[in-house]
Amino acid sequence: MFIIVDSREIVTAGYASAFEREGYASLELHPSEILDWLEITSAQDLSSVDAILLGESEERTGFVSSIRSRCPEAQIVALQDTASLESTLELFSAGMDDVLRKPVHVREIIARVGAFRRRITARNSSVGTGAIEVFFDGRDPLVGGEVMELPRRERRILEYLVKNKGRRVTKTQIFNAVYGVMNDGVDECVVESHISKLRKKLRKKLGYDAIESTRYIGYMLKDGLSAKPKVGDTRRPVQPSQVPVCASEKTPDTRTVKTPYLSVVSA
């Protein structure tokens, strides 16, 4: 999800509409709202933020520390109406990850943020995609070494699962990442439908279920090494017990056991 911060509503609305056309969720905020939003928003919702775009405002360099503390994995991008070397260097010194001069197409923003995300993912040794490779920039993923064409919602869900590989994510987290935190027009249950279709496609391509689903807990992406074999694959055939011949030919013991006789003596 992309957060667009600018004092001009025409700017935030324009970028939000462009992101929506590309299949990415976004949220429009005024510079006076960004700090309050960071404070009241849960960590679970903030984890779905891919980048925060800071438009022209006098306070934006002061937002960096708060964003870093609340959204450590989100990329901070400054958007400038008129660029100069001095202002660009000042923004980088303030902690911006990237500085772009407007007008800039949202596809370029998505590509830049995608490259940043791939570097972060590659740096984390605990995150491996196995036979699944995603690009975070609008391209279809490589599954089993071949391009797999996916609808944009399913592609975004797969990217989010790869981003959080090794961790369980809830339906709400996936919904916020794909549809946006403030989207009340779509029911969360649509995530289940998207994941069901995505699981079938991955299973057909890879030969195993790459998405582990646990009721009331969430979803987690697996690879071929961590895929558990089916119970039927691990069972060993039951061998009939071998009875020794000498034991089977023994004559059964026909001796009778005498029971003691109990006598009752009357008083």
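Structure: above.
Residues numbered from 1 in each chain as written. Predicted model: local features only at pLDDT ≥ 70, side-chain atom pairs only at ≥ 80, totals over all residues. Heavy atoms only, no water.

**Examining the packing of aromatic side chains**
As enumerated under the stated definition, the model contains three aromatic pairs in all. Centroid distance Phe2 to Phe19: 4.4 Å. Interplanar angle 15°. Geometry classified as stacked. Residue Phe2 is found in strand β1 (residues 2-5), and its partner Phe19 is found in helix α1 (residues 9-21); the two are separated by 17 residues along the sequence. We note that Phe2, like Phe19, is buried. Judged by centre distance (5.1 Å) and plane angle (20°), the rings of Phe175 and Tyr179 are stacked. Placement of the pair is Phe175 and Tyr179 together in helix α8 (residues 171-179), with a separation of four residues, close to one helical turn. Accessibility expressed as a relative area gives 4% for Phe175, which makes it buried. Residue Tyr179 is classed as buried on the basis of its relative accessible area of 11%. (Phe/Tyr/Trp six-rings, centres within 6.5 Å; stacked < 30°, edge-to-face > 60°. Helix = DSSP H or I, 4+ residues; strand = E, 2+ residues; numbered from the N terminus. Buried < 20%, exposed > 50% of the residue type's maximum accessible area, 1.4 Å probe, protein only.)

**Observations concerning the nonpolar core**
Counting residues in hydrophobic clusters, the biggest one holds 27 residues, and the most contacted among them are Ile132, Leu158, Leu161, Ile174, Leu202, Ile211 and Leu221. Residue assignment for this core shows that the elements contributing at least two residues are α7 (152-163), α8, α9 (190-206) and β10 (218-221). Leu221 has contacts with Ile132, Leu158, Leu161, Val162, Lys165, Gly166, Ala210 and Ile211, leaving out every residue within four places of it along the chain. Counting 23 residues, the second-largest nonpolar core is a separate cluster that includes Met1, Val5, Leu27 and Leu38. (Core = buried A, V, L, I, M, F, W, Y, C linked by side-chain atoms within 4.5 Å. Contact = heavy atoms within 4.5 Å.)

**Looking at α1**
The terminal C-alpha atoms of α1 lie 18 Å apart, and with 13 residues this matches the ideal 18 Å at 1.5 Å per residue to within 8%. Those residues of α1 lying buried are Val11, Thr12, Tyr15, Ala16, Ala18 and Phe19. With its buried residues spanning 165° around the axis, α1 presents them on a single face. Across α1 from its buried face, at more than 90 degrees, point the exposed residues Glu9, Ile10 and Arg21. At the C-terminal side of α1, Gly23 shows a positive phi close to 85°. (Expected span 1.5 Å × (residues − 1). Arc of directions from axis to C-beta.)

**Comments concerning the sheet that holds strand β7 (residues 142-143)**
One open sheet accounts for three strands, arranged β6-β7-β8; its pairing is antiparallel. Looking at the sheet topology across the chains shown, the edges are occupied by β6 (132-133) and β8 (146-147). Sheet topology note: the β7/β8 ladder contains two bridges and is antiparallel. By the bridge assignment, Val143 is partnered in β8 with Glu146. (Pairing = 2+ DSSP bridges.)

**Some words on unusual backbone geometry**
Most peptide bonds adopt trans geometry, and most residues besides glycine take a negative phi value. Residues Lys102 and Pro103 are joined by a peptide bond in cis, for which omega reads 0°. Residue position: Pro103 is located in the loop between β5 (98-101) and α6 (106-123).

**Remarks on the pattern of salt bridges**
With the rule as written, the count across this model stands at 20 salt bridges. Among the ionic pairs, Glu56 bridges to Arg60, the shortest N-O distance being 3.5 Å. What makes Glu56 partly exposed here is its relative accessible area of 25%. Of the charged contacts, one joins Glu146 and Lys205 as a salt bridge, the two residues approaching to 2.5 Å between their closest N and O atoms. One end of the pair, Glu146, is in strand β8; the other, Lys205, is in helix α9, and 59 residues separate them in sequence. On the basis of relative accessibility, which here comes to 45%, the residue Glu146 falls in the partly exposed class. (Salt bridge = Lys/Arg side-chain N within 4 Å of Asp/Glu carboxyl O.)

**A word on the packing of α7 against α9**
Running from N to C, α7 and α9 cross one another at 80°; their axes reach a closest spacing of 10 Å. On the basis of their axis angle, the class for α7 and α9 is roughly perpendicular. Of α9, the residues touching α7 (which contributes Arg153, Glu154, Ile157 and Leu158) are His194, Ile195, Lys197, Leu198, Lys201 and Leu202. Among the residues making up the contact of α7 with α9, the classes are represented as five nonpolar, one polar and four charged. (Axes fitted to C-alpha atoms, helices over the stretch in contact; angles between N-to-C directions. Parallel < 35°, antiparallel > 145°, perpendicular 65-115°, else oblique. Nonpolar A, V, L, I, M, F, W, Y, C, P; charged D, E, K, R; others polar.)

All we've got here are geometric facts, nothing functional implied.
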